[in-house]
Amino acid sequence: MTTVPWLTLVTFLPLVGAIVIGFSPVRWARQLALGTALATWVVSLLVAANLHAAASGFQMVERLDWIPAFGIQYKLGVDGLSLALVVLTTTLTWISILASFGPIQVRVKEYMISFLILEVGMTGVFLALDTFLFYIFWEVVLVPMYLIIGIWGGSNRIYATIKFVLYTLVGSLLMLVAILATAFAYQGAHAGVWVGAFDYEALRAYAGTTGFADGLQLLAFAAFFLAFAIKVPMFPFHTWLPDAHVEAPTAGSVILAGVLLKLGGYGFIRFSLSLYPDASHTYAPLIIVLSLIAIIYGAIVAMVQPDLKKLVAYSSVSHMGFVTLGIFVFQTQALDGAILQMVNHGLITGALFLLVGVIYERTHDRTIAKMGGLAALTPVYAAVFGFFVFASAGLPALSGFVGEFLALLGTFIVNPWVATIATFVMILSAAYLLWMFQRVVLGEPSAFLLGLKHHLTDMTPTEILTLAPLAALVVVFGLFPGILLDLFKSPVTEALEDVGSGTAIVVDPLLVAIGLGLVVAVVAARLFRLRPGRPADDESSGALTPVEGAAG
């Protein structure tokens with residue numbers, strides 16, 4: 001076993017780089033940030049090289065007493081699940097920083113520092129094995145993303161950032177209450193001794209043997225659920241996402257879709273299933289219903305979007321619905337598919353946001369109706385765009401197909417009707433993506449594009465470099481998904497063993513009826529707003545933003 005603190009290194013190396021940038025001239029900020037992000041990516045690959053995928057439990061555990069009076073530790077550990085998401089994070093971070101070289105022209109130093117601190121928070125969330133430390137990293141993510149959208153975003157960035165912060169903060173604070181309540185329950189069951197009260201492994205062992213009280217499980221699960229559901233985002237907690245995506249600079253959207261949404265899925269698998277197995281079974285039917293609604297609703301709303309970036313944003317709501325569906329049917333193939341979908345969605349949707357940014361930098365517009373004929377004017381861009389559109393639509397042999405297929409396969413074993421509904425919705429996904437591609441890329445060049453003349457150039461080598469690694473991974477994971485499936489085989493087995501011992505807690509039927517009634521009412525209200533002839537609202541408007549980077 002190596003004595004090098006790899007996990008601390010991969011977590012805090014970006015912070016070191018941020019400090020160095022803070023004391024360096026502005027002209028060095030881009031190069032230092034990219035160098036730091038690449039170095040962190042290399043360290044994450046070294047972590048992967050040192051991980052034994054077949055071994056169970058956490059590896060390379062690093063532990064240090066932090067607040068001994070309450071048993072709080074600085075404790076990091078890695079398994080196949082967390083490793084896959086850490087490498088995804090470090091990969092998308094250096095790609096995003098490289099993609100920011102052109103668009104971000106003001107307050108460059110502050111931007112690069114914010115991005116590196118954001119990487120610290122994201123990596124820490126996936127590696128923390130102390131619930132209090134997990135919460136700290138979870139909150140660290142909020143601040144730099146707030147700055148990235150609020151300073152370097154579009155014209156409506158203040159509204160988007162406030163909405164993003166309020167949604168996330170409400171869920172986070174409730175999650176903190178649940179963490180504290182769980183810790184109090186643990187120490188109460190251990191003669192008032194705090195040792196282990198925040199230790200994830202100790203809490204998991206206790207949940208799998210004695211188990212927490214029914215009331216605590218129901219309330220704590222609900223609090224965790226709200227925090228994770230907002231992050232995913234699940235319907236009806238998704239409304240912050242389109243605004244944040246539209247107003248964020250391109251690299252901000254890449255990280256938001258590629259990594260931040262995965263924090264919620266990771267939290268469900270790591271904490272909800274293992275610590276509150278009985279409550280997981282109780283809430284599973286409701287979460288499956290919400291997942292189906294998200295899959296359907298996201299696809300329908302994406303289909304009517306006139307704004308290219310909003311279309312991609314709403315596609316995330318639909319695609320992430322397969323993640324939560326795969327998690328809460330408690331079946332091996334489905335959970336495998338959910339995790340694969342998290343990784344693949346990060347690669348594919350991150351690439352689509354990069355491609356939206358490429359065309360936006362040239363046209364200063366994202367209105368689909370103004371596009372058309374890009375294949376004749378920018379053939380390389382059209383080819384790359386088409387590749388990722390087909391990957392997102394689930395073309396076999398590309399990674400987007402495998403995750404959704406496994407999630408549906410596992411769901412079909414448990415509930416054929418749910419799987420059948422979700423499968424038919426995949427047709428909608430292909431419909432809105434291919435229709436969008438037809439309007440943007442095919443046909444004769446539009447008058448708008450012809451009017452741009454020499455400003456409309458094809459992709460640059462730097463832009464191709466940001467997309468080439470993502471395209472390669474989409475092909476590799478599409479043809480050889482076993483690379484990832486073998487990696488998180490043990491975490492999937494352990495998570496299902498944890499939740500498999502649970503039995504649903506009996507809940508008052510009246511409360512269930514009220515909850516389902518509220519869900520139906522919200523769905524009906526949203527569909528009413530989308531009815532034909534109604535003026536476009538904020539979810540289907542084509543309002544444009546100024547050039548990214550103009551405000552920052």
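Our subject is the structure that appears above.
Now for a description of the structure that goes with this document.

**A few points about the overall build of the chain**
Alright, step 1. Counting its regular elements, the chain contains 22 helices and 2 strands.
Alright, step 2. Burial analysis of the chain (552 residues in total) assigns 60% to the buried set.
Alright, step 3. By sequence separation, contacts in the chain at least 24 residues apart represent 82% of the contacts at least 6 residues apart.
Alright, step 4. Taken as a whole, the chain presents about 19700 Å² of accessible surface, with 73% of it coming from carbon and sulfur.
Alright, step 5. For the chain, the distance from the average site of its 24 positive side-chain charges to the average site of its 30 negative ones is 10 Å.

**Here's the deal with the environment of A369**
Alright, step 1. In this fold, A369 is placed in the loop between α13 (332–363) and α14 (374–377).
Alright, step 2. For the pair A369 and S446, spaced 77 residues apart in sequence, the C-alpha to C-alpha distance is 9.0 Å.

**Quick notes on the packing of aromatic side chains**
Alright, step 1. Under the criterion given, the structure shown has 36 aromatic pairs.
Alright, step 2. Ring geometry for F225 versus F268: centroids 5.9 Å apart, planes at 40 degrees, classification tilted. On the criterion of sequence distance, the pair formed by F225 in helix α8 (residues 214–231) and F268 in helix α10 (residues 250–275) is long-range, its members being 43 residues apart. Accessibility assignment for this pair places F225 and F268 in one class, buried.
Alright, step 3. Aromatic pair F387 and F388: ring centres 5.0 Å apart, planes at 90 degrees, arrangement edge-to-face.
Alright, step 4. In this structure F388 comes out as buried when scored by relative accessible area, which is 1%.
Alright, step 5. A cation over an aromatic ring shows up here: R366 above the ring of Y360, its NZ or CZ 4.7 Å from the ring centre.
Alright, step 6. Positioned above the aromatic ring of F448 is the side chain of K370, whose terminal nitrogen or guanidinium carbon lies 5.4 Å from the ring centre.

What counts, and where the lines are drawn
- Residues numbered from 1 in each chain as written.
- Predicted model: local features only at pLDDT ≥ 70, side-chain atom pairs only at ≥ 80, totals over all residues.
- Heavy atoms only, no water.
- Helix = DSSP H or I, 4+ residues; strand = E, 2+ residues; numbered from the N terminus.
- Buried < 20%, exposed > 50% of the residue type's maximum accessible area, 1.4 Å probe, protein only.
- Contact = heavy atoms within 4.5 Å.
- Areas by Shrake-Rupley, 256 points an atom, 1.4 Å probe, with all protein chains shown as cover.
- Lys, Arg positive; Asp, Glu negative; His and termini not counted.
- Charge placed at Lys NZ, Arg CZ, Asp CG, Glu CD.
- Phe/Tyr/Trp six-rings, centres within 6.5 Å; stacked < 30°, edge-to-face > 60°.
- Lys NZ or Arg CZ within 6 Å of the ring centre and 35° of its normal.

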